[in-house]
Amino acid sequence: MSGKAEQNIVIVGGGFAGPQVAKQLSKKLDARRYNLILINSRSYAISLPATVRLVVDAESKLEETSFVKLDRIYANGNGETKVGVVTSIEAQPGVSGGAVVLATGERISYAVLILATGSKWTGPSGIPENENDVLPFVHAWRQKFAKANHVVIVGGGAVGIELAGEVKDLYPATAVLTNYATQTKKVTIVHGGNQLINAAYGSSLRKGLEKRLHARGVQFMFNEYIDDIPEAGVVGITTRSGKHISDADLVVSARGGRPNTDYVTSLGEDALNGHGFVKIKPTMQLLNHPSIFALGDIIDWTEQKQVGKLMWHTPVVVANVVSFLNGVAPTKKYGGAPEMIVITNGRKGGMGYFGFFGGFTLGDWFAWLVKSRNFMVPHFRKDLGY
């Protein structure tokens, strides 16, 4: 790929991490020396946390606000967004530079490569890569939720909890008139643990969210698993232990994401750990590839995978990329970040957890203020220049 400068700085991934790095690097890199190229499967970024409302509530019209073009993130126009899917990386261990190969066969060389491809999701959070498939996917899920009588959510993590809250907002425990019909919907969360989410956040948050959802009529099956997700409309599901939910007619996968790193296997088996996470040094460089950096959900680091971690990831990557390009050994190191999370319960509630001072929680008013009312979409848009 030709450009106005000789060296390309390539960022793969246009979710949360990639645009943040692109935005910061565009302010620091000399456009006469470097082409800054962000490669993403779509021309726009999607506020992934908002998808739990997007796929349930048509009246939210989040497709009009939570999809944001990636054309205003570059300072002084110093950068470009290229729509494409990276399928492999060409690089030699210990040697700087290389190239990425797109699904089209196009090859783009790089002086520095930054991997920020995030997680792959199943169920309604698994937004298609192809732009033409996105809106049909969203509309199909809205219809599935509208037609269902008993929604069974597989996974009691943040996504499962938030989906349950959105369904209960639109179809509460008592009959209401909706655009679809006068109806109620049963909601059951099937979770492999003995409490919601996981122990990283403490029992106060876990029990508090269960109590709030139970008050809205959500039922729970703990220490249970559903291995195969049936098609919408198939009635009845059986858990791994043999328990049968006879009237379940929509089973929704809300299992955790997995790292979107299949293309990284081209660097060799030592680039990823056994779960598909990218092995990195504290400088966020890959172990055997000094000109390749990684951040966000894909890194092999013992921490919960969350957007909030980017407040700590991004400055390390940006500083070290600049040092590397200046011929100086990167020295800024990532040392981890405190655990924090806000989980919604529909538009008006939820809970937050902060891992400071031994860990503490905040309730519905705080969750509404920072997330529940709009999933921070206005902030997401502003951050991307809209």
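Here's what I pulled together on the structure shown here. Bear in mind that the values here come from a model prediction, so they are computed numbers and not experimental data. Counting of residues starts from 1 at the beginning of each chain's written sequence and follows it residue by residue. In keeping with the predicted nature of the model, local features appear solely for residues at pLDDT of at least 70, side-chain atom pairs appear and are counted solely at 80 or more, and the whole-chain, interface and lining totals rest on all residues. Processing note: side-chain calculations cover all non-hydrogen atoms of the structure and skip hydrogens and water entirely.

1. Focus: the sheet that holds strand β24 (residues 360-362)
Argument step 1. Sheet architecture is open: three strands sit in the order β22-β23-β24, paired in antiparallel fashion. Each having just a single partner strand, β22 (340-344) and β24 make up the two edges of the open sheet. The average undirected angle you get between the axes of adjacent strands in this sheet is 15°.
Argument step 2. Here, any two strands with at least 2 DSSP bridges between them count as paired. Starting at the N terminus, helices and strands are each numbered in turn, a helix being any DSSP run of H or I of at least four residues and a strand any DSSP run of E of at least two. Pairing analysis gives three bridges linking strand β23 (residues 350-354) to β24, with the strands arranged antiparallel. Across the sheet, residue Tyr353 finds its bridge partner in β24, namely Thr361.
Argument step 3. Strands β22, β23 and β24 of the sheet are contacted by helix α7 (residues 364-372), whose axis makes an angle of about 95° with β22. Here the axes come from fitting lines to C-alpha atoms, over the contacting stretch only for helices, and the angles between their N-to-C directions go from 0 to 180 degrees. We call two residues in contact when some of their heavy atoms are within 4.5 Å.

2. A look at the nonpolar core
Argument step 1. The definition of a nonpolar core used throughout is a set of buried Ala, Val, Leu, Ile, Met, Phe, Trp, Tyr and Cys residues joined through side-chain atoms within 4.5 Å. Three exposure classes are used, based on accessible area relative to the maximum for each residue type with a 1.4 Å probe and protein chains only: buried under 20%, partly exposed in between, and exposed over 50%. Counting 58 residues, the largest nonpolar core has Ile9, Ile89, Ile114 and Leu115 as its most contacted members.
Argument step 2. Counting 44 residues, the second-largest nonpolar core is a separate cluster that includes Ile197, Tyr201, Leu205 and Leu209.

3. Side note on empty space enclosed by the protein
Argument step 1. A cavity here means a set of 1 Å grid points, computed over protein atoms only, where a 1.4 Å probe fits but cannot escape. A pocket is an open set with protein on both sides within 12 Å along at least 5 of 7 lines, and lining residues have an atom within 4 Å of a point. Grid points are joined across faces, edges and corners, and a volume is the space filled by probe spheres set on the points. For the structure shown, the criterion picks out one cavity of 30 Å³ or more.
Argument step 2. Taken together, Asp270, Ala271, Lys279, Leu286, Leu287, Asn288 and His289 make up the lining of the largest cavity.
Argument step 3. Note that Gly is not counted as nonpolar here; it falls among the polar residues with everything else outside the nonpolar set of Ala, Val, Leu, Ile, Met, Phe, Trp, Tyr, Cys and Pro and the charged set of Asp, Glu, Lys and Arg. The residue makeup of the lining of the largest cavity, split by class, is three nonpolar, two polar and two charged.

4. Let's talk about the pattern of salt bridges
Argument step 1. A pairing counts as a salt bridge when a side-chain nitrogen of Lys or Arg comes within 4 Å of a carboxyl oxygen of Asp or Glu. By the definition in use, this model includes 16 salt bridges.
Argument step 2. Residue Asp30 pairs with Arg32 through a salt bridge whose shortest N-O separation is 3.0 Å.
Argument step 3. Measuring nitrogen to oxygen at the nearest pair gives 2.8 Å for the salt bridge that ties Glu339 to Lys309. Taken as a pair, Glu339 in the loop between α6 (310-325) and β22 and Lys309 in the loop between β21 (289-294) and α6 lie far apart in primary sequence, 30 residues in all. Pair check on accessibility: Glu339 and Lys309 agree, each one buried.
Argument step 4. Connected via shared salt-bridge partners are Lys120, Arg258 and Asp262.

5. Examining a nonpolar patch on the surface
Argument step 1. Candidates for patches are residues over 30% relative accessible area with no salt bridge; among them, like charges are joined within 9 Å and nonpolar side chains (Val, Leu, Ile, Met, Phe, Trp, Tyr) within 5 Å. Residue burial considers only the protein chains on display, and all accessible areas are found by Shrake-Rupley using a 1.4 Å probe. The grouping of Phe356, Phe357, Phe360 and Leu362 at the surface amounts to a nonpolar patch, some 420 Å² of accessible area in total.
Argument step 2. Tracing the sequence through the fold places Phe357 in the loop between β23 and β24.
Argument step 3. We classify Phe357 as exposed; its relative accessible area is 81%.

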